[in-house]
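Below are the chains, spelled out letter by letter.
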Amino acid sequence: MRIGMGYDAHKLTPHRKLILGGVHIPFHLGLDGHSDADVLIHAIIDALLGAAKLGDIGRNFPDTNPQFKNIASTILLRQTAALMTNSGYSIVNIDSTIIAQNPRLAPFLPAMEANIASCLGINQNQINIKATTEENMGFTGTGEGISAHAVCLILSTGAASIFAHQ
């Protein structure tokens, strides 16, 4: 068993769509970044890559590479899932938190969970996404940006059979 932790933050900016968990959230601002700037998926990718000792999102999908310009983070997540499988790991579970003062995200969380589970080829009950505010404190609380944290538990695929029989 291995545990990974990921974090990402991006500034809110006009003239961009707000994409979180691969879901378009109706809002007058979007996140600024090289890709679609999906902080939730980026945090999950970093957690998974870290747990598997496969580097981080910047090493695997550098923002200096033009092929990743405006790319949907769901594509990067699918590529991360392939890296995990090819390295002999399976995902046990992912727990994550999005920090944003606005917009209210609760109605969109089930769609985010379903979308991420689909990208990773796991059951929706293996992923949990929460949203919170920072009570008007810090860059997320003042509406300057949005951040996300994620933790994951992975298993070596050889170890998966040990836990399947318990």
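Cut-off values and rules
- Residues numbered from 1 in each chain as written.
- Predicted model: local features only at pLDDT ≥ 70, side-chain atom pairs only at ≥ 80, totals over all residues.
- Heavy atoms only, no water.
- Axes fitted to C-alpha atoms, helices over the stretch in contact; angles between N-to-C directions.
- Helix = DSSP H or I, 4+ residues; strand = E, 2+ residues; numbered from the N terminus.
- Parallel < 35°, antiparallel > 145°, perpendicular 65-115°, else oblique.
- Left-handed = near helix turned anticlockwise from the far one by under 90°.
- Contact = heavy atoms within 4.5 Å.
- Core = buried A, V, L, I, M, F, W, Y, C linked by side-chain atoms within 4.5 Å.
- Buried < 20%, exposed > 50% of the residue type's maximum accessible area, 1.4 Å probe, protein only.
- Pairing = 2+ DSSP bridges.
- Expected span 1.5 Å × (residues − 1).
- Arc of directions from axis to C-beta.
- Phe/Tyr/Trp six-rings, centres within 6.5 Å; stacked < 30°, edge-to-face > 60°.
- Salt bridge = Lys/Arg side-chain N within 4 Å of Asp/Glu carboxyl O.

Re the packing of helix H1 (residues 39-51) against helix H4 (residues 109-120)
Interaxial distance between H1 and H4 falls to 12 Å at its minimum, and their mutual angle equals 40°. Between H1 and H4, the angle falls in the class oblique. Here H1 runs over H4; the crossing is right-handed. Mapping the contact onto sequence places Leu40, Ile41, Ile44 and Leu48 in H1 and Met112, Ile116 and Leu120 in H4.

Digging into the nonpolar core
By size, the foremost hydrophobic cluster in this structure holds 47 residues, and its most contacted members are Leu20 and Leu48. Contributing elements (two or more residues each) for this core: strand S2 (18-20), strand S3 (23-25), H1, helix H3 (73-86), strand S5 (89-99), H4, strand S6 (127-132) and strand S7 (145-156). If you tally residues by element for this core, the top one is H1, at 10 residues.

Considering the pairing of S7
Of all 12 residues in S7, nine are buried, a share of seventy percent or more. By the bridge criterion, 10 bridges tie strand S1 (residues 2-13) to S7 in an arrangement that is antiparallel. Across the sheet, glycine 4 pairs through a bridge with cysteine 152, a residue of S7. Taken together, the 10 bridges between S5 and S7 define a ladder with antiparallel strand orientation. Counterpart to isoleucine 98 in the pairing with S7 is alanine 148.

Here we look at H3
Structural remark: α-helix, 3.6 residues per turn; residues separated by three or four positions point the same way. Here H3 spans 20 Å end to end across 14 residues, near enough to the 20 Å set by a 1.5 Å rise per residue. Those residues of H3 that fall on the buried side of the exposure criterion are Ser73, Thr74, Leu76, Leu77, Thr80, Ala81 and Met84. Along the long axis of H3, the arc covered by the buried residues comes to 155°, so they all point the same way. Of the exposed residues in H3, those oriented more than 90 degrees away from the buried face are Thr85 and Asn86. Summarising the contacts, the buried residues of H3 are in contact with H1, S5, H4 and S7. Trailing H3 by a residue or two, glycine 88 shows a phi angle of about 85°, which is positive.

Some remarks on the pairing of S1
Summarising the sheet, S1 and strand S4 (residues 30-31) pair through two bridges and their orientation is antiparallel. Looking across to S4, one finds that leucine 12 is bridged to leucine 31.

What about the packing of aromatic side chains?
For the structure on display, the rule yields one aromatic pair. Seen from their ring centres, phenylalanine 61 and phenylalanine 68 are 5.6 Å apart, and the 90° between their planes marks the pair as edge-to-face. Each member of the pair phenylalanine 61 and phenylalanine 68 is classed as buried.

What about the pattern of salt bridges?
All told, the structure shown has one salt bridge when counted by the stated rule. Among the salt bridges present, the one from aspartate 95 reaches lysine 130, with a minimum N-O distance of 2.7 Å. Taken as a pair, aspartate 95 in strand S5 and lysine 130 in strand S6 lie far apart in primary sequence, 35 residues in all.

A look at the environment of alanine 150
Mapped onto the elements, alanine 150 comes out in strand S7. With 102 residues separating them in the primary sequence, alanine 150 and leucine 48 have C-alpha atoms 9.0 Å apart. Residues contacting alanine 150, with those up to four places away along its chain left out, are Gly4, Met5, Gly6, Ala43, Ile44, Ala47, Asp95 and Ser96.

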